[in-house]
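Observations on chain architecture
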Amino acid sequence: MPETSPTDTSTGTLGNGSKGRPSAGAPAARESGGDAAGLGRRRAAGFVAPSLLLITAFLLFPALWTIYLGLTDYRLTGFAAADPQMVGLDNFTNAIGDDRFSNSLVLTLQFVLGSAVLGQAVIGFTIAWLMRNRTGALRRTVEALVLLAWILPSSVITFLWIALLDRDGGTFNALINTPGTAWLLEYPMASIIVFNIWKGAAFSMMLYAAAIGNVPPSHLETARLAGASTWQQLRDVVFPRIKGHILTNLLLISLWTFNDFTPFLLTAGGPEDRTEIMPVFIYKIALQSGELGFGAAISVLMLLINLVIALVYVRLLRQRKDKTA
Amino acid sequence: MTRPTEPHATPAPPHDERGPREQSGEPATAAGPSRSDGPQHARRDSPEREAAKQQARKAVAGIGFYTFISLLLAFFALPLLWLATAPFDSSPGLSVSVPDFTLQNFQVMWDNPYALRSIGNSIILAGGTGLLVVVFAALASYALSRVRLPGRDMLLYVLLLLSSIVTGTAAMVPLFNLATELKLIDSQLGVILILTGGLLPSAIFILKDFMDGTPQSYEESARVFGASPLQIVRHIVVPIVRPGLATIAVWSVAQVWGNFLIPFLLLRSPEKSPAAVVMYTFYTEGGQANLALISTFSLLYSVPVILMFLFVSSRYGFRFHGGIKR
């Protein structure tokens, strides 16, 4: 289950590979001569089978089952556990009318917009832009620290933040001289947003560094000599060229942030439900209160939102491929 | 392969003249003192003053730059400092302080019944998943790269979609049910299989790229000399795509090493839990948090990730090499 975490550059490589190479869209004439090892279709199918089996069992089937469960009153314990009944779309209509659900939806929106779209993307781009012409110790230090925040295990970094923001002994209170402020209790949403910016800025930084590296330096130089300000250079030279990267970046980090369970480790959804973003909400409904059917219905909504983001993203990749092919 | 595999080989787009020339509000800023003062540029400022102004502007920009970078460094370094100081402090607190050096804390961790065992569990989960992902993804991606199976393009497309849509968080309810039905609750094998299923689509994608990029002439000549398809795969293809296999191995191990949700959902007994979950219980269990234990355990648990990161960055350079192109 790839979540927002280290080395999740899969999609990066994917974008790279889908460019220009005779992969999916290549004419059949080339492909027919491709079976150099004489594998044959039957053996080839055997090679694919174990992967397909696992993917079907643990990825495809759960997705379909979620939809089914969402239509039942299935519970972890009690009567409904033994004999779940179909309740149709009740779970969905209940969810829409449920205050906790709408609360969670608003919080999720704040979390994704604040920490991914605004936070990670802007900080990541700013670092990449400022470091574009630099080499040496400063750049290495900045990149190492930003990457370290990204690659360390989530349960370690959450404790580091708990320690940092602690009411009595925390370094942060000592540093900015606000003794006794319990940041995670008083400003829980802001805390997890800042935390997620800190944790995830590395991906955007690397992506934009690669993108800015593709902007021909002569164009920037020309603009600079013509007296363009930094903002004008960005607007007229850089942004038009990295539009595709920006969209890719925003889609991916939104998807990952939307599916991120890590804030649970920091606040467990609390205090009250002030940080109960969608993943935490589902966990609490389904596995803590045992309302599996209701939890599944909300999961379906989540899957749908994921589907929309992913469709836009895949479409974008294909468009680019068609352009370069 | 008619196309060069190097991503940088795309021809540069034609130079477009749509420069921001028209915005040049104050031409003197860019040209500096070297500009010949034509009559149209007759201003009050002499070239010397222009130069001084430009220098001042540069200095302000420099100050701004370093202030920003310092704040940035502080923001990213501050939470991490504790991990560097607390494990070696004789009385570790929550705040960062110069440690009163000791290694006693590591003894505390050593004596804890769950700490080291959970690292072992993490190794089992990460190693098992890594192995399965590499083997299965290598087989599948090779077959998909070389043989035109019916519906292949559709299959790849659906896999790509599935892997980004069905995340552990969105599918936690059915995954939990599935594990219950298959008697895989509290089983490390169950965690390994579920994680493998989740990682395989992306792994197949990455590896298929590597496979597509390797020339087929070696396989052809091996076949001429009578090697069987399986021999060819094992002795010709695997060595050629070894960098790709290494990438997948490191990537999947890193994914599992840090994964919290799946083992948290599926493993019940603390003796089977990986470090991610045990770490969480260390600081959420009631009572006074044992900071000597937590700090040293955090460090031990993080070191493999840091080593892997250093290995990858020294070997391949930890950035996108011109990847994700337009």
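Residues numbered from 1 in each chain as written. Chains lettered and ligands numbered in written order. Predicted model: local features only at pLDDT ≥ 70, side-chain atom pairs only at ≥ 80, totals over all residues.

**Details of the overall build of chain B**
In terms of helices and strands, chain B carries 13 helices and zero strands. When the helices and strands of chain B are read in sequence order from the N terminus, they spell out α-α-α-α-α-α-α-α-α-α-α-α-α. Across the 326 residues of chain B, 40% fall into the buried class. Partitioning the contacts of chain B with sequence separation of at least 6, the portion at a separation of at least 24 is 71%. (Helix = DSSP H or I, 4+ residues; strand = E, 2+ residues; numbered from the N terminus. Buried ≥ 20, exposed ≤ 12 C-beta atoms within 10 Å, placed from the backbone. Contact = placed C-beta atoms within 7 Å.)

**Examining the overall build of chain A**
Looking only at helices and strands, chain A has 16 helices and zero strands in total. The buried share among the 325 residues of chain A stands at 50%. Look at the contacts in chain A between residues 6 or more apart in sequence, and 71% of them connect residues 24 or more apart.

**A few points about the environment of Gly168 of chain B**
Topologically, Gly168 of chain B is positioned in the loop between α5 (152–165) and α6 (172–181). As a C-alpha pair, Gly168 of chain B and Ile194 of chain B span 26 residues in sequence and 9.4 Å in three-dimensional space.

**Re the interface of chain A and chain B**
Contacts between the two partners involve 115 residues from chain A, matched on the other side by 112 residues from chain B. Element by element, the count of residues in the side of chain A that touches chain B is highest for helix α3 (residues 40–70) of chain A, at 19 residues. Grouping the constituent residues of the side of chain A that touches chain B by class yields 70 nonpolar, 34 polar and 11 charged. (Nonpolar A, V, L, I, M, F, W, Y, C, P; charged D, E, K, R; others polar.)

**Considering unusual backbone geometry**
Residues other than glycine predominantly adopt negative phi, and peptide bonds predominantly adopt the trans conformation. Although it is not a glycine, Asn177 of chain A sits at a positive phi angle of roughly 60°. With respect to the helices, strands and loops of the structure, Asn177 of chain A is situated in the loop between α9 (171–176) and α10 (183–186). Note on Asn177 of chain A: 6 C-beta atoms within 10 Å, which makes it exposed. For Asp186 of chain B, which is not a glycine, the phi torsion comes out positive at approximately 60°. Residue placement: Asp186 of chain B occurs in the loop between α6 and α7 (188–213).

**Side note on the nonpolar core**
One finds Val146 of chain A together with Ala137, Ala143 and Met172 of chain B to be the most contacted residues of the largest nonpolar core, which totals 174 residues. At 16 residues, the largest contribution of residues to this core is made by helix α11 (residues 188–213) of chain A. (Core = buried A, V, L, I, M, F, W, Y, C linked by C-beta atoms within 7 Å.)

**Let's talk about the packing of helix α15 (residues 278–288) of chain A against α6 of chain B**
Closest axis-to-axis distance for the α15 of chain A/α6 of chain B pair is 10 Å, and the angle between their directions is 30°. Crossing of α15 of chain A over α6 of chain B shows right-handed handedness. Residues Ile282, Tyr283, Ala286 and Leu287 of chain A of α15 of chain A form the contact with α6 of chain B, whose own contacting residues are Met172, Val173 and Phe176 of chain B. Residue composition of the contact of α15 of chain A with α6 of chain B, grouped by class: seven nonpolar, no polar and no charged. (Axes fitted to C-alpha atoms, helices over the stretch in contact; angles between N-to-C directions. Left-handed = near helix turned anticlockwise from the far one by under 90°.)

**A short note on the domain arrangement of chain B**
With domains assigned, chain B is organised as domain 1 (47–102) and domain 2 (119–266). Distance between the C-alpha centres of domain 1 of chain B and domain 2 of chain B: 42 Å. (Domains from an automatic or database assignment.)

**Examining the packing of helix α6 (residues 99–130) of chain A against α11 of chain A**
Residue and element names in this part refer to chain A. Direction vectors running N to C along α6 and α11 enclose 40°, while the axes themselves pass 6 Å from each other. Classified by the angle between their axes, α6 and α11 sit oblique to one another. Between α6 and α11 the crossing geometry is right-handed. The residue inventory of the contact of α6 with α11, partitioned by class, reads 17 nonpolar, nine polar and no charged. (Parallel < 35°, antiparallel > 145°, perpendicular 65-115°, else oblique.)

**Brief notes about the environment of Ala36 of chain A**
With respect to the helices and strands, the residue Ala36 of chain A is situated in the loop between α2 (28–32) and α3. Looking at Ala36 of chain A, the number of C-beta atoms within 10 Å reads 20, which means it is buried. Contacts of Ala36 of chain A, omitting those with residues within four sequence positions, involve Arg146, Gln216, Glu219, Glu220 and Arg223 of chain B.

**Remarks on helix α7 (residues 137–151) of chain A**
Spacing of three or four residues puts side chains on the same side of an α-helix, whose turn is 3.6 residues. For α7 of chain A, spanning 15 residues, the distance from its first C-alpha to its last is 20 Å, which sits close to the expected 21 Å at 1.5 Å a residue. Where α7 of chain A is concerned, the buried positions are Val142, Glu143, Val146, Leu147, Leu148, Ala149, Trp150 and Ile151 of chain A. (Expected span 1.5 Å × (residues − 1).)

**Side note on the confidence of the model for chain A**
Of the residues in chain A, 87% reach a pLDDT of 70 or more, and the chain-wide mean stands at 83. In the predicted structure, residues 1–33 of chain A sits below a pLDDT of 50 and forms 78 contacts with residues beyond four places in sequence or in another chain. (pLDDT = per-residue confidence, 0-100.)

**A closer look at helix α8 (residues 154–164) of chain A**
The buried fraction of α8 of chain A is high, at 11 of 11 residues. Among the residues of α8 of chain A, those classed as buried are Ser154, Ser155, Val156, Ile157, Thr158, Phe159, Leu160, Trp161, Ile162, Ala163 and Leu164 of chain A.

**Quick word on the confidence of the model for chain B**
All names here are of chain B. Considering every residue of chain B, the mean pLDDT works out to 80; 82% of them sit at 70 or more. Across residues 1–39 the pLDDT falls below 50, and counting only partners more than four positions away or on other chains, this stretch makes 49 contacts in the model. Low pLDDT, under 50, characterises residues 320–326; the stretch is placed with 30 contacts to residues that sit more than four places away or in other chains.

**With respect to the environment of Gly213 of chain B**
Residue and element names in this part refer to chain B. Checked against the element boundaries, Gly213 lands in helix α7. For Gly213, a count of 19 C-beta atoms within 10 Å gives the class partly exposed. Separated by 68 residues in sequence, Gly213 and Ser145 have C-alpha atoms that sit 9.6 Å apart.

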